[in-house]
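Spelled out from the first residue to the last, the chains are:
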Amino acid sequence: MRLGRGLCAAVAAGALGAACVPAADQLEQHGSRARLRDVAADSGVHFVRHVGSTSGKFYVDSVPGGLAVFDYNGDGRPDIFFTDGAELPSLKKQLPEHANRLYRNEGNMRFTDATDAAGVAGVGYAMGAAAAD
């Protein structure tokens, strides 16, 4: 089975490490009416997890990043928040690519990076995320 590359699979892969969904050609082979298409590239979600890996093999290098899906702006659409690493051993976010990322859901599988506007880039190494109402 091929790995799916849609936005849901990308989000799940970032949170869980892997996500398997049937590829569209496999569904067609077996007579299924489901059609899958890759929407990740056009979605606006372009997150890559960074860690400050060094030869020191710090514990935080082995911990996956956090992911929260919640409606941060109250518009009724689920937004996506990713946490990210930092330089080691300082645990401080000194490079722009280490920023946590918040993607505002614009609807129709389109997202806008709202990290700076929401002030959630973070200052230290982040390993988890939680959202509650």
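Quick note: structure is the one above.
Residues numbered from 1 in each chain as written. Predicted model: local features only at pLDDT ≥ 70, side-chain atom pairs only at ≥ 80, totals over all residues. Heavy atoms only, no water.

Quick notes on the overall build of the chain
Here is step 1: Across its full length, the chain holds 4 helices and 4 strands.
Here is step 2: Along the chain, helices (α) and strands (β) appear in the sequence α-α-α-β-β-β-β-α when read from the amino end.
Here is step 3: Taking all 133 residues of the chain together, 29% fall into the buried category.
Here is step 4: Of the contacts formed within the chain by residues at least 6 apart in sequence, a portion of 54% connects residues at least 24 apart.
Here is step 5: As displayed, the chain has an accessible area near 8300 Å², and 54% of this comes from carbon and sulfur atoms. (Helix = DSSP H or I, 4+ residues; strand = E, 2+ residues; numbered from the N terminus. Buried < 20%, exposed > 50% of the residue type's maximum accessible area, 1.4 Å probe, protein only. Contact = heavy atoms within 4.5 Å. Areas by Shrake-Rupley, 256 points an atom, 1.4 Å probe, with all protein chains shown as cover.)

Some words on the pattern of salt bridges
Side chains that carry opposite charge are capable of pairing whenever their charged atoms lie near each other.
Here is step 1: Evaluation of the coordinates by the stated rule reveals 4 salt bridges.
Here is step 2: We note a salt bridge from Arg77 to Asp75, for which the minimum N-O separation is 3.0 Å.
Here is step 3: On the accessibility criterion, Arg77 (31% relative accessible area) is partly exposed.
Here is step 4: Under the relative-accessibility criterion, Asp75 is labelled partly exposed at 30%.
Here is step 5: Note that Asp113 and Arg101 form a salt bridge whose closest N and O atoms lie 3.5 Å from each other. Here Asp113 is found in strand β4 (residues 110-113), whereas its partner Arg101 is found in strand β3 (residues 101-107), with 12 residues between them in sequence. (Salt bridge = Lys/Arg side-chain N within 4 Å of Asp/Glu carboxyl O.)

These values are about where atoms sit, not about what they do.
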